[in-house]
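Chain by chain, the residues:
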Amino acid sequence: VAETASGLSPTTETKALTDAKAMTDALKLRGDVIDAVGKGTQKSDAAIAKLKAASSASGLPVDRDADFALAAIDVGQRLLASGKSATESEKFFTAAEASLEVALKNAPDDAAQDKATFLGKLSLIRGRYLNKAAQAKLDIEQAIALQPKDTNLQQLRAVLMSTHAEVFAAPASGKAKN
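About the cut-offs
- Residues numbered from 1 in each chain as written.
- Predicted model: local features only at pLDDT ≥ 70, side-chain atom pairs only at ≥ 80, totals over all residues.
- Heavy atoms only, no water.
- Helix = DSSP H or I, 4+ residues; strand = E, 2+ residues; numbered from the N terminus.
- Buried < 20%, exposed > 50% of the residue type's maximum accessible area, 1.4 Å probe, protein only.
- Contact = heavy atoms within 4.5 Å.
- Areas by Shrake-Rupley, 256 points an atom, 1.4 Å probe, with all protein chains shown as cover.
- Patch = residues over 30% accessible without salt bridge, like charges linked within 9 Å, V, L, I, M, F, W, Y side chains within 5 Å.
- Salt bridge = Lys/Arg side-chain N within 4 Å of Asp/Glu carboxyl O.
- Expected span 1.5 Å × (residues − 1).
- Core = buried A, V, L, I, M, F, W, Y, C linked by side-chain atoms within 4.5 Å.

Colleague: In this structure, what is going on with the overall build of the chain? I would like to understand it.
Modeller: Within the chain, the secondary structure is distributed over 8 helices and 0 strands. Here the chain, with 178 residues, has 36% of them falling under the buried criterion. In the chain, the proportion of contacts linking residues at least 24 apart, taken out of those at least 6 apart, comes to 55%. When the accessible surface of the chain is totalled, it reaches about 10,100 Å², and 55% of it is carbon and sulfur.

Colleague: Looking at this model, I keep getting lost on a nonpolar patch on the surface. Mind explaining?
Modeller: Judged by side-chain polarity, M23, L60 and V62 come together as a nonpolar surface patch covering roughly 230 Å² of accessible area. Locating V62 in the fold gives a position in the loop between α2 (44–53) and α3 (64–81). Look at V62 and you get partly exposed, because its relative accessible area is 39%.

Colleague: Is there a simple way to explain helix α4 (residues 86–106) in this structure?
Modeller: One turn of an α-helix holds 3.6 residues; hence residues three or four places apart share an orientation. The end-to-end C-alpha distance of α4, which contains 21 residues, comes to 30 Å, matching closely the 30 Å that a straight helix rising 1.5 Å per residue would cover. By the burial criterion, the buried members of α4 are S89, F92, F93, A95, A96, E97, S99, L100 and A103.

Colleague: What is the right way to read the nonpolar core from this model?
Modeller: Soluble globular proteins: nonpolar side chains tend toward being buried together. Grouped together as the largest cluster of nonpolar side chains are 28 residues, with contacts concentrated most on V33, L51, V75, F92 and L100. Where this core is concerned, the elements lending two or more residues are α1 (10–39), α2, α3, α4 and α5 (112–128). Examining the composition of this core, we find that 8 residues originate from one element, α3, more than from any other. Discounting chain neighbours no more than four positions away, the residues touching V33 are A47, K50, L51, V75 and F92. Counting 11 residues, the second largest nonpolar core, distinct from the first, contains L124, A143, I144 and L153.

Colleague: Would you explain the pattern of salt bridges in this entry?
Modeller: Taken as a whole and judged by the stated rule, the model has 12 salt bridges. Residue R126 pairs with E97 through a salt bridge whose shortest N-O separation is 2.7 Å. Remark: E97 occurs in helix α4 and R126 occurs in helix α5; sequence separation between them is 29 residues. For R157, the salt bridge goes to E141, with nearest N and O atoms at 2.3 Å. Here R157 is found in helix α7 (residues 151–163), whereas its partner E141 is found in helix α6 (residues 133–146), with 16 residues between them in sequence. A relative accessible area of 27% places E141 in the partly exposed class. Linked through salt bridges whose partners overlap, the residues forming this network are E97, E101, R126, K132 and D139.

Listed below in structure tokens is the structure:
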């Protein structure tokens, strides 16, 4: 197989360029959404619809529900970081929560890593942004049960424990009380 100037096979180089373009396009889309919502030229609901309609709002090769959820989390976090309304950001986190629940439900039974990732993201947005600490605890515990050696999940649990000590100190009941 011939190599290109980059040293990659033509197939690998084409895929890498396609992936880079998808990531760049998605980043620009999210930046445009953040700018429009931040300036008040676009309502959050319209911006959420725009992200959902995109072929890939995250630029990652994942299922559409997960793709949208990752993009919505990014937009919500970036809106908060720029000092924009927490109410506007919350709309993105709420939309991401619903999409992650669908992605989790649709994940194959043998996709433990994907399920753990979705549960980790759910625990993040529920615990940090949606004031659902009890549900976040259940989510992170389920994620860790699926991937007990995942250090990112362990770190997320530690962060959530530090901000919601009262919830994490209580024994797990299997049912969230938010």
